[in-house]
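So you can see what is in the structure, the chains are spelled out below.
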Amino acid sequence: YGDTYFFPRASYEIARARRFRRWLSALLVDLDFLKRNEADPKATSEANRRELLLALCSRFNKEIRETDLAFLLQDNSLCILLPETPQSGAKTVMGRMKETLSHMMKDNDRLISLEPHLQFGLHFYSGNEDMSLPELLEALRTSKQQTSVA
């Protein structure tokens, strides 16, 4: 899904978690290339970054449950909502995503040369306090920690 669906659906999931006092974990994933490809400067372009993100999204969708929701946002970050998932479950999903990128790199020399790094933001919402979508996004951005995948 994209931004158009993200904002109403994420707001709905937050409201649902609050109403029923259920867990909602969220991940924010950013992909950065640490090395520019001097032989092919276009390899690190936004278009290629987005193409790689779409490939990652396709693979990541296989790592989450049917009830989980993945959104590719306009800033080329990926937001994943994990309803009824404790923080430990979100960390497990995050670990599987790191493994997925590692496996993709083994199959793709272009990826290895660009040294991709994932940055994750993780936020757990217990459903026991008020939270808005802007607050969730800010919490995700604040919690983002660089995670190197080599």
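This write-up is about the structure you can find in this document. Here the structure is a predicted model, which means the values were calculated and not measured. (Residues numbered from 1 in each chain as written. Predicted model: local features only at pLDDT ≥ 70, side-chain atom pairs only at ≥ 80, totals over all residues. Heavy atoms only, no water.)

1. Structural notes on helix α5 (residues 133–143)
Because each turn of an α-helix spans 3.6 residues, side chains separated by three or four positions end up pointing in the same direction.
Then, number 1: Those residues of α5 not exposed but buried are L133, L136, L137, A139 and L140. Angularly, the buried residues of α5 cover 160° about the axis, an arc narrow enough to put them on a single face. Pointing more than 90 degrees away from the buried face of α5 are the exposed residues P134 and T142. (Buried < 20%, exposed > 50% of the residue type's maximum accessible area, 1.4 Å probe, protein only. Helix = DSSP H or I, 4+ residues; strand = E, 2+ residues; numbered from the N terminus. Arc of directions from axis to C-beta.)

2. Here we look at the environment of Y12
Then, number 1: Within the secondary structure, Y12 is located in helix α1 (residues 3–20).
Then, number 2: Taking the relative accessible area as the measure of exposure, Y12 reaches 47% and is therefore partly exposed.
Then, number 3: Counting along the chain gives 121 residues from Y12 to L133, while the straight-line C-alpha distance between them is 9.4 Å.

3. Notes on the packing of aromatic side chains
Then, number 1: Evaluated as defined, the whole model comprises six aromatic pairs.
Then, number 2: Between Y5 and F71, the ring centres sit 6.1 Å apart and the planes meet at 45°, which makes this aromatic pair tilted. Of this pair, Y5 sits in helix α1 while F71 sits in strand β2 (residues 69–72); the two residues are 66 residues apart in sequence, bridging distant segments of the chain.
Then, number 3: Judged by its relative accessible area of 0%, F71 falls in the buried class.
Then, number 4: A centroid spacing of 5.0 Å and a plane angle of 70° characterise the contact between F6 and F71, whose relative ring orientation is edge-to-face. Within this pair, whereas F6 is found in helix α1, its partner F71 is found in strand β2, the two being separated by 65 residues in sequence.
Then, number 5: A connected cluster of aromatic rings, assembled from ring pairs, spans Y1, Y5, F6, F7 and F71. (Phe/Tyr/Trp six-rings, centres within 6.5 Å; stacked < 30°, edge-to-face > 60°.)

4. Brief notes about the pattern of salt bridges
Then, number 1: In total, this model carries seven salt bridges according to the counting rule given.
Then, number 2: Among the salt bridges present, the one from R16 reaches E13, with a minimum N-O distance of 3.0 Å. Residue R16 and its partner E13 are located together in helix α1, separated by three residues, close to a single helical turn.
Then, number 3: Under the relative-accessibility criterion, R16 is labelled partly exposed at 27%.
Then, number 4: E13 sits in the buried class, given a relative accessible area of 3%.
Then, number 5: The shortest N-O distance in the salt bridge between R65 and D68 comes to 2.6 Å.
Then, number 6: Judged by relative accessible area, which is 7%, D68 ranks as buried. (Salt bridge = Lys/Arg side-chain N within 4 Å of Asp/Glu carboxyl O.)

5. Digging into the nonpolar core
Then, number 1: L27, L56, L78, I80, L82, M97 and L118 are the most contacted members of the largest nonpolar core, which has 24 residues in total.
Then, number 2: Those elements that provide at least two residues to this core are β1 (24–33), α2 (46–60), β2, β3 (78–83), α3 (87–106) and β4 (116–125).
Then, number 3: Sorting elements by how many residues they give to this core places α3 first, with seven residues.
Then, number 4: Filtering out sequence-adjacent residues up to four positions away, I80 remains in contact with S25, A26, L27, I64, L69, A70 and M97.
Then, number 5: Among the nonpolar cores identified, the runner-up in size contains 18 residues, and C79, Y125, M131 and L136 belong to it. (Core = buried A, V, L, I, M, F, W, Y, C linked by side-chain atoms within 4.5 Å. Contact = heavy atoms within 4.5 Å.)

6. Observations regarding unusual backbone geometry
Then, number 1: For R21, which is not a glycine, the phi torsion comes out positive at approximately 50°.
Then, number 2: Examined against the element boundaries, R21 turns out to sit in the loop between α1 and β1.
Then, number 3: The backbone of E84 sits at a positive phi, close to 55°, despite the residue not being glycine.
Then, number 4: Following the sequence through the fold, E84 ends up in the loop between β3 and α3.

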